[in-house]
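What the coordinates show
The primary structure of each chain is shown beneath.
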Amino acid sequence: MSSWKGLIQEYKELLPVTEETPLLTLREGNTPLVPLEHLSKEWGVDVYVKYEGANPTGSFKDRGMVMAVAKAKEEGSKAIICASTGNTSAAAAAYGARAGLRCIVVIPEGKIALGKLAQAVMYGAEVLEVKGNFDNALDIVREISKQEPITLVNSVNPYRIEGQKTAAFEICDALGQAPDVLAIPVGNAGNITAYWKGFKEYNEKKGTGLPQMRGFEAEGAAAIVRDEVIEEPETIATAIRIGNPASWKQAVAAAEESNGKIDYVTDEEILEAYQLLAKREGVFAEPASAASIAGLKKQIESGEIKKGSKVVCVLTGNGLKDPNTAMGTVDVKPAVLPNDKEAFLAHIKGGVRS
Ligand code: F0G
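About the cut-offs
Residues numbered from 1 in each chain as written. Predicted model: local features only at pLDDT ≥ 70, side-chain atom pairs only at ≥ 80, totals over all residues. Heavy atoms only, no water. Near = heavy atom within 4 Å. Polar contact = N/O pair within 3.5 Å; in protein donor to acceptor, adjacent residues only side chain to side chain. Areas by Shrake-Rupley, 256 points an atom, 1.4 Å probe, with all protein chains shown as cover. 1 Å grid on protein atoms, 1.4 Å probe; cavity = no way out; pocket = protein on both sides within 12 Å on 5 of 7 lines; lining within 4 Å. Sits in = over half its atoms within 2 Å of the grid points. Helix = DSSP H or I, 4+ residues; strand = E, 2+ residues; numbered from the N terminus. Nonpolar A, V, L, I, M, F, W, Y, C, P; charged D, E, K, R; others polar. Axes fitted to C-alpha atoms, helices over the stretch in contact; angles between N-to-C directions. Parallel < 35°, antiparallel > 145°, perpendicular 65-115°, else oblique. Contact = heavy atoms within 4.5 Å.

Let us look at the site of the ligand. Every one of the 20 residues lining the ligand counts as a neighbour, but Ser 84, Thr 85, Asn 188, Ala 189 and Thr 316 are closest to it. The separation between an oxygen atom of the ligand and a polar main-chain atom of Thr 85 is 2.7 Å. Take Asn 191: an N or O atom from its main chain is 2.8 Å from an oxygen atom of the ligand. Contact with the protein chains hides 98% of the accessible area of the ligand, taken as 470 Å² for the molecule alone. Here the ligand occupies the largest cavity. Mapped onto the shell around the ligand, the elements with two or more residues apiece are helix 4 (87-99) and helix 9 (190-206). Looking at the shell around the ligand, its residues break down into eight nonpolar, 10 polar and two charged.

Here it is in structure tokens:
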């Protein structure tokens, strides 16, 4: 059995943890760094994926949420609130339940993946839908948290960034140093901010070096790339359907300071990468996560990412979160056969795929 104790205990020297901080944990962190053998060979780069879908609620949000909720508890808060495209709400609901706090989540009506909604309701959160998008939901919860004694646990809460930076530490430990390139999906831009902070801090402490930070928005929600707020963001990758990222400036700074770039990928490129990952590598991540793989492919083709580079793509959420997109993407559905071995044999030997 693993002796991993979760982020607060494992990284207490590198996090804002005091004697009073509760040792809250669902054993988050310590996620696998998986080499992509086939795609590395095909693309002439050394690609790894940081598989954040292995966290307790199936996304990277657990890293930030364990810190934000522990600090809320330490400060005597009785309730937490967040806006979410789904994963933040799942993590807030789980850690809120664990810590015994009231949890209120505000999500865009009809625009979150089924698995994420199931999580929020199962963990017992009060789920409210806004007739609007994530950006509208975030405006509302920011205002409410100013007026009421309710802690905001979106990534504008600095403890979220602190927790999430630990993924950069794990990557440096696994590889012995930072990769040449870190490719990451960008929605509200908290995670790219957190990784960059983590890489810089670890470099100062351990001399692990710095990667180029390459962030990828979805084309229909590419506010940072276009340098304008998008009032009606649209993308199949609902997790990053955000038109006015809260950590916009920090994302731009991460790209500039690291000699990287914020770029976009189309929904077609996202869906292609989503399937490629599953079918060629046996790795199932949700559509927004595949933006990092789609972006890598795009920038290898453009020559911006050099052959031979060591690249880590962050796979932010588990593929099981969004069964509807998965089933809508494949054209091969299970064949239904009679309860008879011969029928199965005939089907298999014929190589028929229906
Ligand atoms: N990937 C997934 C699976 C996400 O859920 C998110 C954000 C991102 C990438 C982008 O990360 O916002 O830090 O740039 N999801 C948030 C949520 C907005 O509410 O779950 P970011």
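Having seen it, we continue.
Helix 13 (residues 287-301) packs onto helix 12 (residues 267-281) with a crossing angle of 95° between their chain directions and a minimal axis gap of 7 Å. When the axis of helix 12 is compared with that of helix 13, the two are roughly perpendicular. Side by side, helix 12 and helix 13 meet where Glu 269, Ile 270, Glu 272, Ala 273, Tyr 274 and Leu 277 of the first sit next to Pro 287, Ala 290, Ala 291, Ile 293, Ala 294 and Lys 297 of the second.

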